[in-house]
Structures are given as structure tokens and as C-alpha cells.
Amino acid sequence: MAGDQVVAAERGVTTIADRVVAKIAARAAREALDRVPEGGEAPHASVTVHHGAARVRVGLELDYPSDIGARCGAVRQRVAQRVHGLAGVEVAEVVVQVERLHSVHTRGADRGRIR
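For the structure given in this document, a descriptive report is provided here. In this text the structure is predicted, and so the values were computed from the model without any measurement.

Observations concerning the pairing of strand β3 (residues 90-103)
Here comes step 1: Pairing analysis gives twelve bridges linking strand β2 (residues 53-64) to β3, with the strands arranged parallel. The residue bridging E61 from the neighbouring strand is R100, located in β3.

Digging into a nonpolar patch on the surface
Here comes step 1: Together, Y64, I68, V98 and L101 make up an exposed nonpolar region whose accessible area comes to about 300 Å².
Here comes step 2: Note that V98 resides in strand β3.
Here comes step 3: For V98, a relative accessible area of 31% translates into the label partly exposed.

Some points on the sheet that holds strand β1 (residues 44-50)
Here comes step 1: Taking strand neighbours across the sheet as the criterion, the three strands line up as β1-β2-β3 in an open arrangement whose pairing is mixed. Across the chains shown, the open sheet's two edge strands, defined by having one partner strand only, are β1 and β3. If you compare each strand with its neighbour and ignore which way they point, the axes differ by 15 degrees on average.
Here comes step 2: Relative to β1, helix α1 (residues 18-33) is tilted by about 135 degrees, and along the sheet it contacts β1 and β2.
Here comes step 3: Packed on one face of the sheet, helix α2 (residues 68-87) meets β2 and β3 and runs near 140 degrees to β3.

About the cut-offs
Think of each chain on its own: its residues are numbered from 1, step by step along the sequence as written. Selection of residues for local features in this predicted model requires a pLDDT of at least 70, selection of side-chain atom pairs for listing and counting requires 80 or more, and totals for whole chains, interfaces and linings are taken over all residues. Derived side-chain values reflect all non-hydrogen atoms in the structure, with water molecules and hydrogen atoms excluded from consideration. For two strands to be treated as a pair, DSSP must find no fewer than two bridges joining them. By definition, any uninterrupted DSSP run of H or I lasting at least four residues is a helix, any uninterrupted run of E lasting at least two residues is a strand, and each is numbered from the N terminus. Residues with no salt bridge and a relative accessible area higher than 30% make up the patches, which join like charges within 9 Å and nonpolar side chains (Val, Leu, Ile, Met, Phe, Trp, Tyr) within 5 Å. Surface accessibility follows the Shrake-Rupley procedure with a 1.4 Å probe radius. Residue values consider only the protein chains on display as shielding. For this analysis, a salt bridge means a side-chain nitrogen from Lys or Arg found within 4 Å of a carboxyl oxygen belonging to Asp or Glu. When a residue's accessible area, from a 1.4 Å probe over protein chains only, is under 20% of the maximum for its type it is buried; when over 50% it is exposed; and in between it is partly exposed. Only the contacting stretch of a helix is used when fitting its axis, a line to C-alpha atoms as for every element, and angles between N-to-C directions run 0 to 180 degrees. Working rule for contacts: check all heavy atoms of both residues, and any pair within 4.5 Å makes them a contact.

Right, here's the structure in full:
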């Protein structure tokens, strides 16, 4: 019965591993920031995809002083946009965690945490 056959493109399922979505998210965070602070580490991400929706956590380092809120907002927007565009996954949440600030005054000196 030719009328009951399902077209090949409509059969099956595509699954993208959480670690792949995390790589997309980390790359998108780097794109949003333009550069990694001198002596800093590139952004990293962890992702949980459940029922087609992703929850993303991005850890990053920023230069100090800078507009932290605006930079984190740009990261959230870029990550959601790229994950949805490249992986086809809806993004329910993007949490940005600033792990370290790099001051021009303390570069090159290991002074520990600035309080």
C-alpha cells in the first residue's frame, strides 16, 4: 500500500548528546565575549537536555572593570540563539557564572582573590 508509506525524511529520530550542545554553548559564549582576558581561561559550559529543552550553565572569566551585566546578557542571548540555531534545541535557561575577574592592575602578579 503505497499510500500508507512514510516518507524517509519523516522516519526516525535525531539525538544530539548533551556534551555536543555544551560545546556549541561554550563556543557561542566565546563569540559573545570577543576574547578571553589575558591570563584567563576560555568559557566552558554544561548542558542538560530534557524533553527537547536545554538548561545551560556557562562559566566564564571577564576583564575588570567592565559592564558585567551587559556582557553576561550578551552571552545568554548568543548561547540561546546558537544552541537553538545549530542543534535545533529550545533553550529554557542560560545561567552565566562569572568565575573570575581579571584586573589590568593585577595581571602578571599572583595576588589571589580580590575582595
